[in-house]
Amino acid sequence: MARTLPATVTPVRLWHWRRNPLRRRSDVIEGWIIAVGWILAVVCAVLAGVTAARVTDAASAARASQVHTATAVVTDGTPAPAGDGKYGDWQVRATVRWTDPDGSVHTGQAVVPAGASAGTRVPVWADRAGHVVGAPVSATAATVQAALTGILVGPLVGAAVWAVGKGIRVRLVRRRLAEWDEEWKKTGPRWGNLSGGRG
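Computed from a predicted model, the values in this text were never measured in an experiment.

## Some thoughts on the overall build of the protein
Along the backbone of the protein there are two helices and five strands. For the protein, the proportion of its 199 residues judged to be buried stands at 23%. Intrachain contacts of the protein at a sequence separation of at least 6 include 58% that bridge at least 24 residues. As displayed, the protein has an accessible area near 14,600 Å², and 63% of this comes from carbon and sulfur atoms.

Written out as structure tokens, the structure reads:
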């Protein structure tokens, strides 16, 4: 008949707070530092991640609100593509001109198809000052960027808070060891006398 072994139960390690004649005040303090450190690390990580995501999303929205599309006209012809278009040589920079809805005329450098003749209409993005700028990111890309920023920032902040708590614990342990060393300097010689000089 096979023997069944009793299931092992892993006890919850709350020894910092357990009543014990050997427990010191520093043990209780260390227990609180561990508990508060982990709680703060998690809370700060979540808050930092959410805040970073919101700030990134707001920055993307602000940039998108400051630019607009316009239909520009190429002012000078552009050279034909130099190659077969495999390396991006099918686009060149050229001077373009466009008119805003308020009637103001602007000129600037924009990326246009190679070989575009003068008078070719091309879409451009412009800011409020009338400068050609890159297209803003799409709403989906802005959401992904905000989420990735939050995912990156949150754990970094949490790890930093946890490291501060760990540093405090290390100092506390060093202090405790120094106190034990001092106590042993006082008690150690007595142990040697009790063992007849053999301990």
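Let us keep going from here.
## Considering the packing of aromatic side chains
Using the criterion set out here, one finds one aromatic pair in the structure. Consider the rings of Trp38 and Trp162, whose centres lie 6.1 Å apart with planes at 50°: the pair is tilted. Note that Trp38 is positioned in helix H1 (residues 25-65) and Trp162 in helix H2 (residues 139-194), a separation of 124 residues in sequence. Relative accessible area serves as the criterion here: at 36%, Trp162 is assigned to the partly exposed category.

## Remarks on the nonpolar core
One finds Ala70, Ala72, Val74, Ala94, Val96, Trp98, Ala110, Val112, Ala116, Val122, Val124 and Ala126 forming the largest nonpolar core, which totals 12 residues. Counting only elements with at least two residues in this core, the list comes to strand S1 (67-74), strand S2 (91-99), strand S3 (105-113) and strand S4 (121-127). Beyond its immediate chain neighbours, meaning those up to four positions away, Ala72 contacts Val96, Arg97, Trp98, Thr120, Arg121, Val122 and Val124.

## Things to note about a nonpolar patch on the surface
Where nonpolar side chains cluster on the molecular surface, the patch consists of Trp38, Val42, Val46, Val50 and Trp162 and spans about 480 Å² of accessible area. Of all the elements, H1 adds the most residues to the nonpolar patch, at four residues.

## Examining the confidence of the model for the protein
With 79% of its residues at a pLDDT of at least 70, the protein reaches an overall mean of 81. For the protein, per-element mean pLDDT is lowest for S2, which scores 83, and highest for H1, which scores 91.

## Examining the pairing of S2
Pairing of S1 with S2, which is carried by two bridges, proceeds in the antiparallel orientation. Across the sheet, residue Val73 finds its bridge partner in S2, namely Arg97. Counting the residues in the hairpin turn of S2 and S3 gives five residues, including Gly103, whose phi is positive at 95°.

## Observations regarding the pairing of S4
Taken together, the seven bridges between S1 and S4 define a ladder with antiparallel strand orientation. Within the sheet, the bridge partner assigned to Ala72 lies in S4 and is Val122. Bridging between S4 and strand S5 (residues 132-133) involves two bridges; their strand directions are antiparallel. By the bridge assignment, Trp125 is partnered in S5 with Val133. Linkage of S4 to S5, two consecutive antiparallel strands, is achieved through a turn of four residues, within which Gly130 is found at a positive phi near 90°.

## Considerations on the sheet that holds S2
Here we have five strands laid out as an open sheet, ordered S3-S2-S1-S4-S5, and antiparallel in their pairing. Each having just a single partner strand, S3 and S5 make up the two edges of the open sheet.

What counts as what
Residues numbered from 1 in each chain as written. Predicted model: local features only at pLDDT ≥ 70, side-chain atom pairs only at ≥ 80, totals over all residues. Heavy atoms only, no water. Helix = DSSP H or I, 4+ residues; strand = E, 2+ residues; numbered from the N terminus. Buried < 20%, exposed > 50% of the residue type's maximum accessible area, 1.4 Å probe, protein only. Contact = heavy atoms within 4.5 Å. Areas by Shrake-Rupley, 256 points an atom, 1.4 Å probe, with all protein chains shown as cover. Phe/Tyr/Trp six-rings, centres within 6.5 Å; stacked < 30°, edge-to-face > 60°. Core = buried A, V, L, I, M, F, W, Y, C linked by side-chain atoms within 4.5 Å. Patch = residues over 30% accessible without salt bridge, like charges linked within 9 Å, V, L, I, M, F, W, Y side chains within 5 Å. Salt bridge = Lys/Arg side-chain N within 4 Å of Asp/Glu carboxyl O. pLDDT = per-residue confidence, 0-100. Pairing = 2+ DSSP bridges.

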